[in-house]
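Chains, contacts and geometry: an overview
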Amino acid sequence: IIIILALLTVKGVLGKKTSILVQDNAGAYLLNAFRMAMCACIGLALVFLEGAHGYLKVDPVMLAICLLSGIANVAFLVGWIFAIKKNAMVTVDVSLTLGSMIPAVLCAIFFSEAISVPKMIGFALIIAATVILAKYSRKTIGAGSIGGAVLLIIAAVGDGIMGFAQQLFRHYYTEGGNRYCGISYPKSV
């Protein structure tokens, strides 16, 4: 866990440094296009290493889930790049945790998954942390802008919808799911 936290901290600090270099929308899109191209290359390498390249031909529903995830990822990445320019890093990180509630709520609606008491307690803690941080930030940093808040919301919703797309994949295309067509895709795909 310590290694994961250390790597997440490095990722956040480097992300903050990267956001300073991005001056406009075109730069944000270009940076994230490059980042996603690198991720796609690494992902394809893992698929071929696992020998799962036969699963790369996807059906229309799987393609729709991938497109939903991709669009949400773009909203998250671009929202995050600009949100980090207008807000303190800790504010962005805590605000993004609000997006983690979206998959749980949507899975409760679409798949009748119960929201357990521990999840409700976690949601309450996330909301409390966000409210406390917002008040603390106003005292120490000053009032945030409406634009900064909108960017936080875009990033959090994008992150949450990405999480829901992963749940759609789990429900429809994994051994535990198989609700759609009986195909179980390997995790690398």
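Treat the numbers as computed from the prediction; the structure is a model and nothing was measured. (Residues numbered from 1 in each chain as written. Predicted model: local features only at pLDDT ≥ 70, side-chain atom pairs only at ≥ 80, totals over all residues. Heavy atoms only, no water.)

Viewed as axis vectors pointing N to C, helix 3 (residues 60-86) and helix 4 (residues 89-97) meet at an angle of 150 degrees, and their least axial separation amounts to 9 Å. Facing helix 3, whose interface residues are F76, W80, A83 and I84, helix 4 presents M89, V92 and L96. For the contact of helix 3 with helix 4, the residue count by class is 7 nonpolar, no polar and no charged. (Axes fitted to C-alpha atoms, helices over the stretch in contact; angles between N-to-C directions. Helix = DSSP H or I, 4+ residues; strand = E, 2+ residues; numbered from the N terminus. Contact = heavy atoms within 4.5 Å. Nonpolar A, V, L, I, M, F, W, Y, C, P; charged D, E, K, R; others polar.)

A separate point is the confidence of the model for the protein. Per-residue pLDDT for the protein averages 82, and the proportion of residues at 70 or more is 89%. Here helix 1 (residues 2-21) stands out as the element of the protein with the lowest mean pLDDT, 72, in contrast to helix 5 (residues 101-111), whose mean of 93 is the highest. (pLDDT = per-residue confidence, 0-100.)

Bringing the pattern of salt bridges into the picture now. For the coordinates displayed, the defined rule picks out 1 salt bridge. R170 is the salt-bridge partner of E113, the closest N and O atoms lying 2.9 Å from each other. Pair noted here: E113 is in the loop between helix 5 and helix 6 (117-140) and R170 is in helix 7 (residues 146-173), with a separation of 57 residues, a long-range link. With relative accessibility at 24%, the residue E113 sits in the partly exposed group. (Salt bridge = Lys/Arg side-chain N within 4 Å of Asp/Glu carboxyl O. Buried < 20%, exposed > 50% of the residue type's maximum accessible area, 1.4 Å probe, protein only.)

F76, W80, F82, V92 and L96 are the most contacted members of the largest nonpolar core, which has 18 residues in total. Secondary-structure elements contributing two or more residues to this core are helix 3, helix 4 and helix 7. In terms of residue count, helix 3 provides more of this core than any other element does, 9 residues in total. Apart from residues no more than four positions distant in its own chain, L96 is found in contact with F76, W80, A155, A156 and D159. (Core = buried A, V, L, I, M, F, W, Y, C linked by side-chain atoms within 4.5 Å.)

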